[in-house]
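So you can see what is in the structure, the chains are spelled out below.
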Amino acid sequence: MKGLVWLRNDIRMDDNPSLKRAFEECNSVICVYVWSPEQLKKHNEANIKQDFLIQNLKSLAANLHTVNVVLLIIESKSFNTVKDDISNLIHEHSINKIYWNKEFAFDEITRDKEVYDALQAKAVDVEIFNDQIIYEPGFLRTGQDNPFSVFTPFKRRWIEHFDIKFLDIDFDYPIKEKLNFDSNVEDFDFGFTSSHGVDMQLWPIGEASALDRVNDFLDNKAVDYSKNRNDPILNGTSRISPYLALGIISSKRCILEGLKKNNFELSSGNIGITKWIDEIVWREFYRNITYSFPKVSKGQPFQDYTKNIEWIFNEDHLNAWKQGNTGFPLIDAAMRQLIHEGWMHNRLRMVVAMFFTKNMLHDWRLGEAYFMQNLIDGDFASNNGGWQWSSSTGTDAAPYFRIFNPITQSKNFDKEGLFIKKYVPELQDLDKSVIHDPPNEHRKYCNYPLQILDLKESRVRAIEVFNKAKNT
Ligand SMILES: Cc1cc2nc3c(=O)[nH]c(=O)nc-3n(C[C@H](O)[C@H](O)[C@H](O)COP(=O)(O)OP(=O)(O)OC[C@H]3O[C@@H](n4cnc5c(N)ncnc54)[C@H](O)[C@@H]3O)c2cc1C
């Protein structure tokens, strides 16, 4: 029997249930990755993320080669054409069965249904697996049999149902029959030009690098994670998100490695490790939201009343925010971190997103898209969840009148101003007593801009606009 594994956001061998099943059932296995520049553009996939994806496909092809599996890259114009391109490949290679892992967002679910229907019509066997989250999407439900829309009870239920058997993921891949062709990944014309300028040594390629990163975090940083995770200069988080977003490592592997170092305790023991696992559960929560509430994949807010919000648009403010020139040092440092690293610390994502949607009063969808266009870990569910949380339009969102003050955030989470100095070097000579909000003469001396808006006035304006929307 010959099997085809359609890889999407699961470009790994470890803990890949569809690949594993193909290995169990087939004599020979081909993997395919469908490359679609038009679709990548439509979904705002960042140039740096595409770069990372291509390099990781090459690394995966080399790993698969060791067990005689070939990774083919095919081009498809868009999600609408995938059904024909996959059908052709199945015909060309006389495939008996196709395997893939589930996706959660509306466009992906629609595409997969079309492919499934087309293959069923041709009597091709299909088997689909769940690899991204512990439970089947939508499985965890409230006492009233509704999908959860609040994190804490979701997490409680997640822990109640948890069974260590879910993490029975180790598998030794046997060598398969050799095929008479090779992977085309090295020769494939991705039509890709790098335009991001990030030093990719920050993001080493491949599954082994991802696992090393997790274990390095667990061995050296997890113990202080609860204390350090909000202080961006300490680099106290795992930075595993780009690998999770593309499925270079699975969340089950991350949880298993964490539990191994915590006596297999989920809610006691090392509070750094349990807190870190909580964050992975947040990821699962947002995937469930995406699955259970398709409106969020269609550009709609979770809270219907927020459709009435009268957002404003100011191109100068938008550009100042993007370039890190708002005159608020912590905001500017964060936005420049995104440009330099293709990544931003979680606390800062909340601070800049709240500033964008509340003080600047810009539509969260513009910020959401900009993040996707620039993040190496751009992930629809987590990004949409994070933006809707920050703009108070989402599930379990910050109440709209709770607006972070970026200067207070700066004093609390970058006390010495070291993170600011790292990314806004024009402020490096300033003392910590002034760096969070430099007086005008210091700004002039440092060639640093004035604030683009008044914090107090903009806060009052945001609350009025949200109040009005609520009462419309
Ligand atoms: C406005 C906004 C946009 C965001 N966009 C994305 C995005 O596009 N992609 C993305 O992966 N995360 C996103 N996040 C969530 C979070 O900021 C990142 O997952 C985290 O900063 C990644 O760093 P880390 O791997 O060091 O995290 P760690 O602190 O080491 O956490 C481990 C893992 O848990 C998950 N996680 C942590 N925090 C969250 C969270 N708040 N929501 C969901 N999952 C979480 C991530 O997969 C992360 O890799 C966003 C958050 C906000 C507020």
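Residues numbered from 1 in each chain as written. Predicted model: local features only at pLDDT ≥ 70, side-chain atom pairs only at ≥ 80, totals over all residues. Heavy atoms only, no water.

1. Re a nonpolar patch on the surface
Here comes step 1: A cluster of nonpolar side chains, Ile233, Leu234 and Leu418, forms an exposed patch at the surface whose accessible area comes to about 240 Å².
Here comes step 2: Turning to its location among the elements, Leu234 is positioned in the loop between α8 (225-228) and α9 (241-246). (Patch = residues over 30% accessible without salt bridge, like charges linked within 9 Å, V, L, I, M, F, W, Y side chains within 5 Å. Areas by Shrake-Rupley, 256 points an atom, 1.4 Å probe, with all protein chains shown as cover. Salt bridge = Lys/Arg side-chain N within 4 Å of Asp/Glu carboxyl O. Helix = DSSP H or I, 4+ residues; strand = E, 2+ residues; numbered from the N terminus.)

2. Details of the side chain of Arg12
Here comes step 1: Along the chain, the position of Arg12 falls in the loop between β1 (2-7) and α1 (17-25).
Here comes step 2: What makes Arg12 buried here is its relative accessible area of 2%.
Here comes step 3: At 2.7 Å, the side chain of Arg12 and the side chain of Asp131 are in polar contact.
Here comes step 4: Discounting chain neighbours no more than four positions away, the residues touching Arg12 are Leu19, Leu60, Asp131, Glu207, Gly247, Ile248, Ile249 and Ser250. (Buried < 20%, exposed > 50% of the residue type's maximum accessible area, 1.4 Å probe, protein only. Polar contact = N/O pair within 3.5 Å; in protein donor to acceptor, adjacent residues only side chain to side chain. Contact = heavy atoms within 4.5 Å.)

3. A look at the environment of Phe264
Here comes step 1: Among the structural elements, Phe264 can be located in the loop between α10 (251-260) and α11 (271-292).
Here comes step 2: Setting aside chain neighbours within four positions, we find Phe264 in contact with Ile164, Leu256 and Leu259.

4. So, the domain arrangement of the protein chain
Here comes step 1: For the protein chain, the assigned domains read domain 1 (2-131), domain 2 (132-168 + 207-292) and domain 3 (304-470).
Here comes step 2: Taking the mean C-alpha position of each, domain 1 and domain 2 sit 26 Å from one another.
Here comes step 3: At the junction of the two partners, domain 1 supplies 21 residues and domain 2 supplies 20 residues.
Here comes step 4: Both sides together, the interface formed by domain 1 and domain 2 hides about 1900 Å², and carbon and sulfur atoms give 52% of it.
Here comes step 5: The largest share of the area that domain 1 buries against domain 2 comes from Phe52, Phe104 and Asn130, three residues that together contribute 35% of it. (Domains from an automatic or database assignment. Buried area = accessible area lost by both parts, 1.4 Å probe.)

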